[in-house]
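Fold and geometry: a report
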Amino acid sequence: MVNANAGNVAKSMAEEITSMKIAFLVSSLKKCGPTKQLFYLTSLLVENGNEVTVVTIGFEPEETLLPQFVKTNVKVIQLEIPLSRIALKANKLKRAFLQIKPDVVHSHLIKADFLSTLFLRKKYQRIATARSYAFEDYSMSYGKFWGSIMSMAQMYCFKRMDGVYAVSETLSNKLRKKGVESETIYNSIDVGERNVIKSQSADIRKSLGIDDEAIVIVSVGNLIPLKNSQVLLEWFNEYKKGRNCYLWMLGEGVQKAEFVAKYADSQTHFFGQVPNVPDYLNESNLFVSCSLSEGLPNAVLEALLHELPVVLSDIDQHKEILSKDDRCGELFELEKQASFTRQMEQALNRIKNGEYNPDMARKLVEDHFDRKKMVASYMEVYSRLGNRNED
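All of these numbers come straight from a predicted model, not from anything done at the bench. All chains use their own residue numbering, which begins from 1 and follows the written sequence. Residues qualify for local features only when their pLDDT is at least 70, as the model is predicted, and side-chain atom pairs are given and counted only at 80 or more; totals for whole chains, interfaces and linings, by contrast, use all residues. No hydrogens and no water enter the side-chain calculation; it runs on all heavy atoms of the structure.

**As for the overall build of the protein chain**
- Secondary structure elements follow DSSP: runs of H or I of four or more residues count as helices, runs of E of two or more count as strands, with numbering from the N terminus. Along its length, the protein chain carries 18 helices and 13 strands.
- The globule rule puts the C-alpha radius of gyration for 391 residues at 21 Å, and the 21 Å found for the protein chain is close to it.
- The principal-axis extent of the C-alpha atoms belonging to the protein chain is close to 70 × 45 × 40 Å.
- Counting all 391 residues of the protein chain, 54% fall into the buried class.
- Residues are treated as being in contact if the distance between any of their heavy atoms lies within 4.5 Å. Put simply, of all contacts in the protein chain between residues at least 6 apart along the chain, 68% involve residues at least 24 apart.
- Surface accessibility follows the Shrake-Rupley procedure with a 1.4 Å probe radius. Residue values consider only the protein chains on display as shielding. Element-wise, carbon and sulfur atoms account for 48% of the exposed surface of the protein chain, whose accessible area totals about 17800 Å².
- Side chains of the protein chain carry 50 positive and 49 negative charges; the gap between the two charge centres is 7 Å. Radius of gyration: over C-alpha atoms. The globule rule applied is 2.2 Å multiplied by the number of residues raised to the 0.38 power. Summary of the burial criterion: residues with accessible area below 20% of their type's maximum are buried, those above 50% are exposed, and those between are partly exposed, where the area comes from a 1.4 Å probe applied to protein chains only. For this count, His and the chain ends are skipped, Lys and Arg are scored as positive, and Asp and Glu as negative. We put the charge of a Lys on NZ, of an Arg on CZ, of an Asp on CG and of a Glu on CD.

Next comes the structure, spelled out in C-alpha cells:
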C-alpha cells in the first residue's frame, strides 16, 4: 500500500513537495462515484498549490459535476470528441497535452486509460487508478463477449502504465494475479461533508408521512445485476408485512422499471438518482449492500460516515472495510438467502436494543478513509514520477 502512514495531513506534505502540473484524463465529469473521488483529489491538490487540469474526452451529460470542479479553480479542457471519431481526432488530444505540459498524466476508467496508452505513451509519466475488477464488472455490465474483450484491453493498458493504483487491497491482489503491478490507495471521502449536512434537515420522513419510530432501510447504487438488489427487495417484501418499516432505494439502472412494477408500494420507495444522498442517509436507520463486486464502495463509506450500521455481502472489498472495525456492521454469505435473513434480523435487533455505537462507524471512516490521506498518498506518487522527469 502506498504511504501506509499517510496520517499526516496533505497540506503538510504539500509544503515539502514542489508545485506540480498534474493532468487528469477522463471520459466526462458525469455525476457518479469515480467523479466524486476525482473531485476530492483535484480540489485538495489545487488547495495545496498545484496546477491541475482535467481533460474530458466526450460530451458532458445533464447530470455533471463540472461546475464544482470549476468553482475550486481546477482548469477543465473539454475535447468533446464523439466515440466514433476518437481515432480521427487524436491530434486534438495530443495538442491539449502539449499545451498543458504536465509532469504527470493520471487517467481514470477504461476509455481514458486506452487513449492515454495509445497516444500519450512515452511522452509523459502516466498512471491510472483501478476502480473495479474488469473481469467481474465488465462481463456483468456488457455481456460475456464484450466484457472479456474490454477486460483484456484494460489489462493491456495497465501493463503499459508507469503506475497503477487500486482503490482497495483486494483489487490490487486480483490485478497482480493478472500480471499488473499494482499498489493500493484507498478510495476516500470528505469527512467534513457530514458536519455540513448534519446541521441541515431535509424532512424526507415528514414529507412521506413516516414517523420517527419507523425503521428505514436504505440502499444506494445502480439498479443493475452486479448490485444484486433483488435479494434485499425479495426479503423486504415479506419482512415489511405488519411492521412499521420502510425501504428506500436510491439509484437508476436497467432493472429499475422491473423492480418498481414488482415491489413499489407505500413502504418500498424508489427515488431514482438523487442529488442529496446524505439527507436520505441521515434519516435512515440501516444501510444495505448486496453487491456481487466492488472496487471500494463510496456508498458504504458515506453510510458509515453518517453513523449508519451496515449489512453487506461478504465480498472481499466489503470485508476489507469492516476489518477496520467489525462492530460497525454485519456480513452475509452471497447466494444464501438464509444468511441474509439472519444478518438482517440481527442488525435490526441490535438497532432496537441500541447496541450499535454511531461514533465507531464515523471513526472508522475518519481514521482510514479521509480524503486527506488519499491525496497525501497520490502527492507522494506524483512527486516520485516528477523526479524521474528531471533525471
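Resuming the write-up.
**Remarks on the sheet that holds strand 1 (residues 21–26)**
- We treat two strands as partners when DSSP finds at least two bridges between them. The strand order across the open sheet built from 7 strands is 3-2-1-4-5-6-7, with neighbouring strands paired in parallel fashion. Among the strands making up the open sheet, the edge pair consists of strand 3 (75–78) and strand 7 (182–184). Here the strands of the sheet are splayed against their neighbours by 25° on average, with no regard to which way each runs.
- Here strand 5 (residues 125–130) runs beside strand 6 (residues 163–166); their pairing, made up of 4 bridges, is parallel. By the bridge assignment, Thr129 is partnered in strand 6 with Tyr165.
- To obtain each axis, a line is fitted to C-alpha atoms, and for helices this fit is confined to the stretch in contact; angles are then taken between N-to-C directions over 0 to 180 degrees. Against the sheet, helix 2 (residues 33–47) contacts strand 1, strand 2 (51–56) and strand 4 (104–108), and its axis sits at roughly 160° relative to strand 1.
- Contacts between helix 8 (residues 169–177) and the sheet are confined to strand 5, strand 6 and strand 7, with strand 7 contributing the most and set at about 175° to the helix.

**Comments concerning the packing of helix 11 (residues 230–239) against helix 16 (residues 337–352)**
- With their axes 11 Å apart at the nearest point, helix 11 and helix 16 run at an angle of 60° to one another. Judged by the angle between their axes, helix 11 and helix 16 are oblique. In this structure, helix 11 meets helix 16 at a crossing whose hand is right-handed. Along its contact with helix 11, which presents Val231, Leu232, Trp235 and Tyr239, the element helix 16 presents Gln337, Phe340, Thr341, Met344 and Leu348.
- Three categories are distinguished: nonpolar for Ala, Val, Leu, Ile, Met, Phe, Trp, Tyr, Cys and Pro, charged for Asp, Glu, Lys and Arg, and polar for the others, with Gly belonging to the last. Class assignment of the residues belonging to the contact of helix 11 with helix 16 gives a composition of 7 nonpolar, 2 polar and no charged. Orientation is classified from the angle alone, with under 35 degrees giving roughly parallel, over 145 giving roughly antiparallel, 65 to 115 giving roughly perpendicular, and any other angle giving oblique. Crossing chirality is assigned from the near helix's rotation relative to the far helix, an anticlockwise turn below a right angle marking it left-handed and a clockwise turn marking it right-handed.

**Considering unusual backbone geometry**
- Although it is not a glycine, Asn73 sits at a positive phi angle of roughly 65°.
- Assignment of secondary structure puts Asn73 in the loop between helix 3 (66–71) and strand 3.

**Here we look at the packing of helix 6 (residues 134–142) against helix 7 (residues 144–158)**
- Two numbers describe how helix 6 lies on helix 7: the axes approach to 7 Å, and their chain directions differ by 145°. Crossing hand, helix 6 versus helix 7: right-handed. In this structure, helix 6 uses Ala134, Phe135, Tyr138, Ser139 and Tyr142 to contact helix 7, whose residues at the interface are Lys144, Trp146, Gly147, Met150, Ser151, Met152, Gln154 and Met155.
- Residues that form the contact of helix 6 with helix 7 fall into these classes: 8 nonpolar, 4 polar and 1 charged.

**Topic: a positive patch on the surface**
- A contiguous patch of positive charge, built from Arg85, Lys89, Lys92 and Arg95, is present on the exposed surface.
- By the secondary structure assignment, Lys92 is in helix 4 (residues 90–100).
- Of the residues examined, Lys92 reaches a relative accessible area of 34% and is grouped as partly exposed. Note that patches include only residues with greater than 30% relative accessible area and no salt bridge, and the join distances are 9 Å for like charges and 5 Å for nonpolar side chains (Val, Leu, Ile, Met, Phe, Trp, Tyr). Salt-bridge detection follows one rule: a side-chain nitrogen of Lys or Arg within 4 Å of a carboxyl oxygen of Asp or Glu.

**What to know about the environment of Glu345**
- Among the secondary structure elements, Glu345 is positioned in helix 16.
- On the basis of relative accessibility, which here comes to 38%, the residue Glu345 falls in the partly exposed class.
- Residues Glu345 and Tyr239, spaced 106 residues apart in sequence, show a C-alpha to C-alpha distance of 9.6 Å.

**A few points about the layout of surface pockets**
- Points on a 1 Å grid over protein atoms alone make up a cavity when a 1.4 Å probe fits among them but cannot get out, and a pocket when they form an open set with protein on both sides within 12 Å along at least five of seven lines; lining residues each have an atom within 4 Å of a point. Grid points are joined across faces, edges and corners, and a volume is the space filled by probe spheres set on the points. Here the second largest pocket is characterised by a volume of approximately 250 Å³.
- Looking at the second largest pocket, the residues that line it are Ile215, Tyr239, Arg243, Asn244, Cys245, Glu345, Leu348, Asn349 and Lys352.
- The biggest single contributor to the lining of the second largest pocket is helix 16, with 4 residues.
- Tallied by class, the residues present in the lining of the second largest pocket amount to 4 nonpolar, 2 polar and 3 charged.

**Thoughts on empty space enclosed by the protein**
- Here the structure, examined in full by the defined rule, presents 1 cavity of 30 Å³ or more.
- Size it by volume and the largest cavity reaches roughly 40 Å³.
- As for the largest cavity, its lining consists of Glu307, Leu308, Pro309, Arg327, Cys328, Tyr356, Asn357, Pro358 and Ala361.
- Of the residues that constitute the lining of the largest cavity, the class distribution is 6 nonpolar, 1 polar and 2 charged.

**As for the environment of Val55**
- Secondary-structure assignment places Val55 in strand 2.
- Contact partners of Val55, with chain neighbours within four places excluded, come to Phe24, Leu25, Val26, Ile77, Leu79, Phe97 and Ile100.

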